[in-house]
Structure formats: C-alpha cells, structure tokens
There are 2 protein chains.
Amino acid sequence: MSTLAQNKADLERASTAQKVADMLRERVLDGELEPGLRLSEEAIGGALGVSRNTLREAFRLLTRDRILVHEHSRGVFVRRPTGADVRDLYAARRVIECGALRLWNDVTEAQREAVRAPVRQAVARAEKNDFSKTGSANIQFHRGIVGLAGSTRLSDESDRLFAELMLAFRVAHEVDAFHQTYLPWNRRIVELLNNGTVEQAVQQLDEYFDAAEKDLSGRLLAD
Amino acid sequence: MSTLAQNKADLERASTAQKVADMLRERVLDGELEPGLRLSEEAIGGALGVSRNTLREAFRLLTRDRILVHEHSRGVFVRRPTGADVRDLYAARRVIECGALRLWNDVTEAQREAVRAPVRQAVARAEKNDFSKTGSANIQFHRGIVGLAGSTRLSDESDRLFAELMLAFRVAHEVDAFHQTYLPWNRRIVELLNNGTVEQAVQQLDEYFDAAEKDLSGRLLAD
DNA sequence: GATTGTGGGATTGTTGAACGATTCTACGAT
DNA sequence: ATCGTAGAATCGTTCAACAATCCCACAATC
C-alpha cells in the first residue's frame, strides 16, 4: 500500500501548463527572473515551445500563488513586493504562526519534531561555517510551526506567503544573509518550547516578527 | 477624490473570464449548481456564449477559490467538502480567528466596530423574528474578526475558507438554520470583548468552533 | 456471476491562426 | 516643454482542429 502511494505521484502526470508553471516559479524564486520584469507571452511561449493559451494558463497558476501579477491588457509581471506588502505579510504571519505555536502541547511528537529538526540542522551546519542552506532551513522551521495547526489549507497559504517574502528579500538584495541573522532567535524559541514555557516562546516569536519586519521594510525603502 | 475612487471600479472593467467566474460563483453558492456536479465545458460555454478558452480561464479562477475542483482529463466539478475538509477548515479558522481576536486592544475603533455591528444587526432582526440574513450576518461577524489582523491576504484567504464552508453547509442541507444557532454565542463574545476580558472571549470563540465543527461534521456523515 | 479485456463515443488538453481592443512609443504640433 | 496623434506591439477572445484521455457498454474468460 505504501508503494502504491509512492507511485501515485508518477501517475498524476502534471499538465503542460503545470510543468511550465513549475519551471517559471523556480526561475523566479532563484532570481533569474527579477521582480518587476514583464513576461511577454510571445517571448516566453516561443522559448518554451508552448502555445499562448497553455502559457496563459501557467501564468494564471502563478498569479494564484502571488508570484506573478496580472495587469489587464498589459501582461504579467514578476511580483515586486512593496513596503505595504511586507507589512501585510508579517501581519498575516504573526497571527498564523503565533496561533499555531500556542498549540504546541496539543499536537503529535512528529509535528513538534518538524519544528525542532530544521533548527538542529542549521546549528550543526553553522558550527562548520556552512551557511549554504540557512535560508531554506529558516523557512522549514516556520513551515513546521504552521504545521502544528494541522491544516493543509493553512500550510498551503503560508507557503504562498513565504514565496512572496522570498521575492521581497530579492528586491531588498538580501536572501541568505537575512535568514542567517535569525538562527539564534529560532534556537531560543525551541529551547523555550522544550522547557514547557510555550507562552514565552510565542512572545519571542512575536518579537522576531517585529525585528524581521522592521529590518526588511527598512531595506526595501532604501531601494 | 472620492468620486475618482468610485469610478475606479468602473474603469477596471472586468475581463470576460472574470464576469463568467462571478456568475458561476453566485450560482454555486446559491445552490443552483449542487456540490459534486460536473461542469461540462461545451454545455456551460454554449449556454453563456463564451469560448472554451475563456470558460477554462473562469474555471481556473474558481478553482483557486476552492469553489471548483479540477481533475485531469475529467473536467471540473463543484466542490463537495468531506468530513476531513471540514476538520481542516476549522483547524485553520481556529488559528486565524483566535489569533486575530487576541489583537482586540491593539486595533482601531473602526476595526472593533466591524465586529460588533453584524451582531447588533442580527440581534435587532431576530427580535423582529426576521431570520432572513442570519447567515451572512454570522459571516460578517467572523470577517470582522479576521479583519482585526489588518492583513488583506489573511482576509482574502478567510473569504475562501468561508465560501468553502458554505458548500459544506449545502452538502449538509443546512444553510440559514445553521448560522442561526450561533447568534447567542456571538453576542456573548462581543460582551466579553466590551468588558475587556479578551482572553475569555477567545476561549468562547474556541468553544464555538468546537461545537460548530462537531455539528457540521455530524450532519455531513449522515449524508 | 464476477472479473477482465476491448471496442466506440464523448470530453478534455493543446495547438495554431485570426482579429478587434488596448497599451506603448515616438514623432510632430502648439 | 506639453500635448495630441498615428503606428507598432501586445493582449483578449474566439474559432477550428486533432491528439490524448476517460467513460460506458458489451463481450470474453475464469
């Protein structure tokens, strides 16, 4: 039965539009397609060998994820988050993640481990001066926090918020360095959780959001 | 300047796909198109006088809002929420709304009024034995709570959660009667908020979610 | 009788071309 | 320098076509 579940992903062959969307999403989040860039239907479609209709469908999928923005009769652009966007994003994250973290004592051990593990790995790498994956580790930590709520809808929406924040980092010309700053914060939160002082951990997380929002929006204004 | 803002909506003429999507959304939420129904591209497109491509774009918009579900090479269907969906929805709402409600003392008076007003109106109508709009009033109450967070992204996602719940009510053959039951709960929450006992209001809201989830999933199983 | 092929028919997935509508750009008039 | 206008480029929408896939009914097999 487990093998069947594994094969399921293969059987569910993605549509052409889905594959194109995945490719474009990767390009955008990797920074090859910079925020603000306009994506011409003809140029992209010709380069990828898909028809305009299929490409437009891929654009729609990425618009749903807030990776792209659509302007009527003007085309689609790589999203370029503003200071107001960053405030909105952190307001949402504050409510979601602080709320989820308060459930710490009511969830399974596997859920708790999904919060601890990313921090443990990041600490291990940092001790070896390896800061290559601190960005994704930080995101995994916060994904784990959202996962405490046990709602796929909430986790999916949070993934969209994270993706949008990655674009904001890109605009601020900060990607890895940004996350790196906050590893000590994550350690402290995990320690407080392990000590059973959940409310203190929540408060610490809230302060983290304050600092991160201020830092990021400050860099955005300078741009 | 205010007139300019008013005209803005007119200038931003909706695309054909958007108009089609709005029409279909209304039909679905009104119950004319029942959960589980398959929407044929040819039939719907022919009836509305739009091409398949445009209709497919409208379908994508509604799929984003979780009103429709798309199955590869099989078509789109009106979403039919299951018991698992209801649990997931309430897990998300619990985190979002309880988290937002905790911000009660940190928001503007206008935001607080957006929570109180729907309950006041519902009470006034109930005293006149008018239960016509209790459903939308209940939703307005919860929209107000989410609005305390001050995040359009969070509010938009919550609207999608609400729409999905409306479909679940439809499957459970309960729409207005369901909301009506919970007016007393809403009153109590507002009273606790006005008394300044925010944490008690949050706890009351949490219990509301427990009761509502149990009630709704029970009716779903019976179906 | 239940399960397993095996057709044909209907529907979706994708492409390509076409044309009106809208936006952008550059040039020239005031 | 500002404004208006013509032309080019691009988007929005439709239509037609064909391949790929799914569904359903019927026959074959155990």
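Throughout this description, residue numbers start from 1 for each chain and increase along the sequence as written. Working convention: letters from A go to chains and numbers from 1 go to ligands, in the order in which they are written. Totals for whole chains, interfaces and linings use every residue, but because this is a predicted model, local features are given only for residues with pLDDT of at least 70 and side-chain atom pairs only at 80 or more, for both listing and counting. Here the side-chain values reflect all heavy atoms present in the structure, with hydrogen atoms and water set aside.

Some words on the relation of the copies chain A and chain B
Each of the two copies of the chain can be brought onto the other by a rotation about an axis and a shift along it.
(1) Moving on: C-alpha atoms of residues with pLDDT of at least 70 in both copies form the basis for the least-squares superposition of the copies. Superposing chain A onto chain B takes a rotation of 180° combined with a translation of 0.0 Å along the rotation axis, leaving an RMSD of 0.1 Å. As the rotation angle and translation indicate, the two copies are arranged about a two-fold axis.
(2) Moving on: Here 97% of the interface residues in chain A have copies in chain B that are interface residues too; the copies meet face to matching face. Any two residues whose heavy atoms approach within 4.5 Å at even a single point are treated as in contact.

Observations concerning the pattern of salt bridges
When charged atoms on two side chains of opposite charge get close, those side chains can pair.
(1) Moving on: Should a side-chain nitrogen of Lys or Arg be within 4 Å of a carboxyl oxygen of Asp or Glu, the pair is scored as a salt bridge. According to the stated counting rule, one finds 56 salt bridges over all chains in the structure shown.
(2) Moving on: Where R116 of chain A meets E113 of chain A, a salt bridge forms, and the shortest distance between an N and an O atom there is 3.2 Å. Of the two residues, R116 of chain A and E113 of chain A both sit in helix α6 (residues 109–127), three residues apart, roughly one turn of that helix.
(3) Moving on: For the exposure calls, accessible area comes from a 1.4 Å probe over protein chains only, and a residue counts as buried if that area is under 20% of its type's maximum, exposed if over 50%, partly exposed in between. Residue E113 of chain A is classed as partly exposed on the basis of its relative accessible area, which comes to 26%.
(4) Moving on: One salt bridge in this structure joins E157 of chain B and R66 of chain B, with 2.6 Å as the shortest N-O distance. Placement of E157 of chain B in helix α8 (residues 152–171) and of R66 of chain B in the loop between α4 (52–64) and β2 (68–71) is noted, with a sequence separation of 91 residues between them. A run of H or I in DSSP counts as a helix once it spans at least four residues, and a run of E counts as a strand once it spans at least two, with each numbered from the N terminus.

Regarding the packing of aromatic side chains
All names here are of chain A.
(1) Moving on: In this scheme Phe, Tyr and Trp rings, the latter by its six-membered ring, pair at centre separations within 6.5 Å, and the angle between planes marks the pair as stacked below 30 degrees, edge-to-face above 60, and tilted otherwise. Applying the stated criterion to the full structure yields 10 aromatic pairs over all chains.
(2) Moving on: Ring geometry for W185 versus Y208: centroids 6.2 Å apart, planes at 75°, classification edge-to-face. With a gap of 23 residues between them, W185 in helix α10 (residues 183–194) and Y208 in helix α11 (residues 198–222) connect regions that are remote in the sequence.
(3) Moving on: Of the residues examined, W185 reaches a relative accessible area of 19% and is grouped as buried.

What about the protein's contact with DNA strand C?
(1) Moving on: To be near a molecule or strand, a residue needs just one of its heavy atoms within 4 Å of it. Not every one of the 22 residues close to DNA strand C is listed here, only the nearest: T16, T54 and R74 of chain A together with R38 and R56 of chain B.
(2) Moving on: We define a polar contact as two N or O atoms separated by no more than 3.5 Å, with the added condition that, inside protein, one atom must be a possible hydrogen donor and the other a possible acceptor, whereas residues neighbouring each other in sequence contribute only through side-chain atom pairs. With respect to DNA strand C, the side chain of R52 of chain A contributes an N or O atom lying 3.3 Å from a base nitrogen.
(3) Moving on: Take R56 of chain B: an N or O atom from its side chain is 2.5 Å from a phosphate oxygen of DNA strand C.
(4) Moving on: A total of three residues in the surface near DNA strand C trace back to one element, the largest contributor, which is helix α4 (residues 52–64) of chain A.
(5) Moving on: The nonpolar class holds Ala, Val, Leu, Ile, Met, Phe, Trp, Tyr, Cys and Pro. Asp, Glu, Lys and Arg form the charged class, and all remaining residues, Gly among them, are polar. Split by residue class, the surface near DNA strand C holds two nonpolar, 11 polar and nine charged.

Concerning the domain arrangement of chain A
All names here are of chain A.
(1) Moving on: Either an automatic procedure or a domain database provided the assignment from which the domain bounds are taken. When the domains of chain A are assigned, the result is domain 1 (2–78) and domain 2 (83–222).
(2) Moving on: Computed from C-alpha coordinates alone, the two centres of domain 1 and domain 2 are separated by 27 Å.
(3) Moving on: At the boundary of domain 1 with domain 2, total buried surface from both sides reaches about 830 Å², with 61% on carbon and sulfur atoms.
(4) Moving on: Two parts lose some accessible area (1.4 Å probe) when they are put together, and adding that loss for both gives the buried area. Of all residues in domain 1, L29, P35 and R66 bury the most surface against domain 2, accounting for 63% of the area lost on that side.
(5) Moving on: Seen at the junction of domain 1 and domain 2, the total is three salt bridges.
(6) Moving on: Put simply, D65 and R160 hold a salt bridge, and the shortest N to O gap is 4.0 Å.
(7) Moving on: In this structure, the connection of domain 1 to domain 2 is made through four residue pairs in polar contact (both at pLDDT 80 or more).
(8) Moving on: Residue contributions to the side of domain 1 that touches domain 2 peak at three residues, all from helix α2 (residues 16–30).
(9) Moving on: Class assignment for the residues of the side of domain 1 that touches domain 2 results in five nonpolar, one polar and four charged.

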